[in-house]
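# Structural overview for review
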Amino acid sequence: MSLPIPSWAQGPIESFRTSQTLPGATRMEIPSEEVAGVDQSIRTNVDEVISGDETEMDCFKGQPRKFGMGDFLTAEWTGDTRTGTFVETIKGDQGDQAFVYAEFTPTSSCMVMLEKQKGQVTGTARQVDTSDPKRSFELVSSEGYQLAR
């Protein structure tokens, strides 16, 4: 199953997946004592969306592993927050406004959050490795970078 990634988010997501960077973002270490909490936070945020699947509020009822709330939010995933991949698109008045990408293994999690405004894409990411906390980091973007066309 291929999960949908908007065209404007593909470059930044691929950059993160291949080189663990985001254009214009600064890499900062996550202190070892905070790694487990950050990992749990990422998993909990995704679990909260997944828990809406096939409930009355799901506008994609009958389509397992796809959740939506009107035209505002659409999420799809493979697996779960132990082993899987998750994507979420949030729309605003101007179309796609935010995108979340997350990957999970039993000992690691990552989440990339991108926002698009007026042709600019900004993003942050967190990569957590509970088996080797020193490999955990976050990427923080203080300024936007131009969307690759």
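These remarks concern the structure in this document. (Residues numbered from 1 in each chain as written. Predicted model: local features only at pLDDT ≥ 70, side-chain atom pairs only at ≥ 80, totals over all residues. Heavy atoms only, no water.)

### Some details on the packing of aromatic side chains
Counting across every chain of the model gives two aromatic pairs. Consider the rings of W77 and F86, whose centres lie 6.3 Å apart with planes at 25°: the pair is stacked. Each of the two residues, W77 as well as F86, counts as buried. Sitting over the ring of F137, R27 keeps its end group 3.6 Å from the ring centre. The ring of F60 has K66 sitting right over it, with the charged end atom 4.2 Å from the ring centre. (Phe/Tyr/Trp six-rings, centres within 6.5 Å; stacked < 30°, edge-to-face > 60°. Buried < 20%, exposed > 50% of the residue type's maximum accessible area, 1.4 Å probe, protein only. Lys NZ or Arg CZ within 6 Å of the ring centre and 35° of its normal.)

### Focus: helix 2 (residues 35-50)
Over its 16 residues, helix 2 extends 23 Å from the first C-alpha to the last, a length consistent with the 22 Å expected when each residue adds 1.5 Å. All of the buried residues in helix 2 are V35, V38, D39, I42, R43, V46, V49 and I50. Along helix 2, the residues classed as buried sweep out an arc of 130° about the axis, all on the same side. Projecting away from the buried face of helix 2 at angles above 90 degrees are the exposed residues A36 and E48. (Helix = DSSP H or I, 4+ residues; strand = E, 2+ residues; numbered from the N terminus. Expected span 1.5 Å × (residues − 1). Arc of directions from axis to C-beta.)

### Focus: the pairing of strand 6 (residues 108-117)
Two elements, strand 6 and strand 7 (residues 120-129), share 10 bridges in a ladder whose sense is antiparallel. Bridged to M111 within strand 7 is R126. Here strand 6 folds back onto strand 7, and the loop between the two strands holds two residues, one of which, K118, carries a positive phi near 50°. (Pairing = 2+ DSSP bridges.)

### Re a nonpolar patch on the surface
A cluster of nonpolar side chains, contributed by M57, M69 and F72, occupies part of the molecular surface with about 310 Å² of accessible area. By the element assignment, F72 lies in the loop between strand 2 (66-69) and strand 3 (73-79). Exposure remark for F72: the relative accessible area of 46% places this residue in the partly exposed category. (Patch = residues over 30% accessible without salt bridge, like charges linked within 9 Å, V, L, I, M, F, W, Y side chains within 5 Å. Areas by Shrake-Rupley, 256 points an atom, 1.4 Å probe, with all protein chains shown as cover. Salt bridge = Lys/Arg side-chain N within 4 Å of Asp/Glu carboxyl O.)

### Comments concerning the nonpolar core
The biggest cluster of nonpolar side chains holds 17 residues, and the ones touching the most others in it are V46 and F86. Those elements giving two or more residues to this core turn out to be helix 2, strand 3 and strand 5 (95-105). Sort the elements by how many residues they give to this core and helix 2 lands first, with six residues. Those residues in contact with V46, other than ones at most four positions away along the chain, are T81, F86, A102, F104 and M111. By size, the runner-up hydrophobic cluster in this structure holds 16 residues, among which are L3, W8, V87 and F137. (Core = buried A, V, L, I, M, F, W, Y, C linked by side-chain atoms within 4.5 Å. Contact = heavy atoms within 4.5 Å.)

### Section: the environment of G84
Tracing the chain through its elements places G84 in strand 4 (residues 84-92). For G84, a relative accessible area of 11% corresponds to the buried category. For the pair G84 and T105, spaced 21 residues apart in the sequence, the C-alpha separation amounts to 6.9 Å. If near-sequence neighbours (up to four positions away) are discounted, G84 is found in contact with T78, G79, A102, E103 and F104.

### Section: helix 1 (residues 7-19)
Compared with the 18 Å implied by 1.5 Å per residue over 13 residues, the 19 Å span of helix 1 between its first and last C-alpha is a close match. Turning to helix 1, its buried residues number three or more, namely W8, A9, P12, I13, S15 and F16. Down the axis of helix 1, the buried side of the element spans an arc of 155°, and every buried residue falls inside it. Across from the buried face of helix 1, at angles greater than 90 degrees, the exposed residues are S7 and T18.

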